[in-house]
Amino acid sequence: MNGEGQNVKKIRIGTRKSALACIQAEIVAEYIRSRCEGYEAELVKLTTTGDRILSKKLDEIGEKGLFVKELDIALTDGKTELSVHSLKDMPMEVLNELPVLGFSAREDARDVLVLPKGVKEYDRNGPIGCSSNRRILQLKELYPGAKIKTVRGNVLTRLNRLDGGEYGALVLAAAGLKRLGLSGRISRYFTVEEMIPAAGQGILCIQGRKDVSYDFLEDFFDEEAGVCARCERAYMMYLNGGCSVPIGVYAEILDEKQMKVTGLYYDEAGKASRRMCMTGERSRPEALGIELARTLRGW
């Protein structure tokens, strides 16, 4: 139970305005309300550069941190105390003044195929909509000859365009659909071997200010997800990757000592793909991610 009156400390949580982003931020807010005595939480909803510019693919906008910049400003200016991000949207380089505090437990990391309402199978009559080069290049291998068309906007906007006949199918993240209560829309789950996910997919990243204590969140953070996140982000950083670069990576815990990481790497022309799995020590996730990245790039 929270404290009362003047003893209550309000935690303002920065989030994007989309329905999914707000649901994700509410996961943290509800934890604070129910588990952190003396604290209250409210959402501060912001529009980011990536939300405003919908006419271009992400890699064509020419900026990093498209979905976090405005949240960083609010956090720096003291308008918020925390930011909640989808980890896959986080730039590889994070400001020292705004450190990553920890990670949520991981939701389903897989990508999925979504069909228009009432359709049972993808008949190739309409294009497949997706928004990242990583997905586009893997889709060309899974559906040779299928037309692929860029789609931007939040999940609900994309679903409306799908059901309106603009697309024959969409590829989306399972995590987002499940958090929105829309798992019934999923027609096919791609295995992580068929469609290697984006780094951090399904994990929430909580960011705060340097030199501020966030001890009240300690039990929220998930150790296994943190290990996987560190491995995947080390892999991406070695390859100088970001959310628009056509590389993917997925780490998983095998047991108390071992973990496995699967990586996808495309050459600069985006034509030749390389895939590889490695196992290594769970206690050294960054080293494993870097080893895989180095091996794939030098293949």
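Anything mentioned here points back to the structure above.
Just so it is clear, the structure is predicted and the values come from calculations on it, not from any experiment. (Residues numbered from 1 in each chain as written. Predicted model: local features only at pLDDT ≥ 70, side-chain atom pairs only at ≥ 80, totals over all residues. Heavy atoms only, no water.)

## Looking at the overall build of the protein chain
- Each helix and strand in the protein chain was counted, giving 9 helices and 13 strands.
- Buried residues in the protein chain amount to 52% of all 299 residues.
- Within the protein chain, residue pairs in contact and separated by at least 24 positions form 69% of the contacts whose partners lie at least 6 positions apart.
- In the structure as shown, the protein chain presents an accessible area of about 14,200 Å², 46% of it carried by carbon and sulfur atoms. (Helix = DSSP H or I, 4+ residues; strand = E, 2+ residues; numbered from the N terminus. Buried < 20%, exposed > 50% of the residue type's maximum accessible area, 1.4 Å probe, protein only. Contact = heavy atoms within 4.5 Å. Areas by Shrake-Rupley, 256 points an atom, 1.4 Å probe, with all protein chains shown as cover.)

## Considering the packing of helix 8 (residues 223-238) against helix 9 (residues 285-298)
- One can describe the packing of helix 8 onto helix 9 by two numbers: an axis separation of 7 Å at closest approach and a directional angle of 35°. You can see that helix 8 and helix 9 cross each other, and the crossing is right-handed. Contacts between helix 8 and helix 9 involve Val 227, Arg 230, Cys 231, Ala 234, Tyr 235 and Tyr 238 on the former and, on the latter, Pro 285, Glu 286, Leu 288, Gly 289, Ile 290, Leu 292, Ala 293, Arg 294, Leu 296 and Arg 297. (Axes fitted to C-alpha atoms, helices over the stretch in contact; angles between N-to-C directions. Left-handed = near helix turned anticlockwise from the far one by under 90°.)

## A look at the sheet that holds strand 7 (residues 148-150)
- An order of 7-6-8-5-9 is seen for the 5 strands of this open sheet, with the pairing classed as mixed. Unpaired on one side and paired on the other, strand 7 and strand 9 (186-189) mark the two borders of the sheet. Looking at each pair of strands side by side, their axes are set apart by 35° on average, direction ignored.
- Across 3 bridges, strand 5 (residues 111-114) lies against strand 9 in antiparallel orientation. Of the residues in strand 9, the one forming a bridge with Leu 113 is Arg 188.
- Running over the sheet, helix 6 (residues 155-163) touches strand 5 and strand 8 (169-173) and is turned about 165° from strand 8. (Pairing = 2+ DSSP bridges.)

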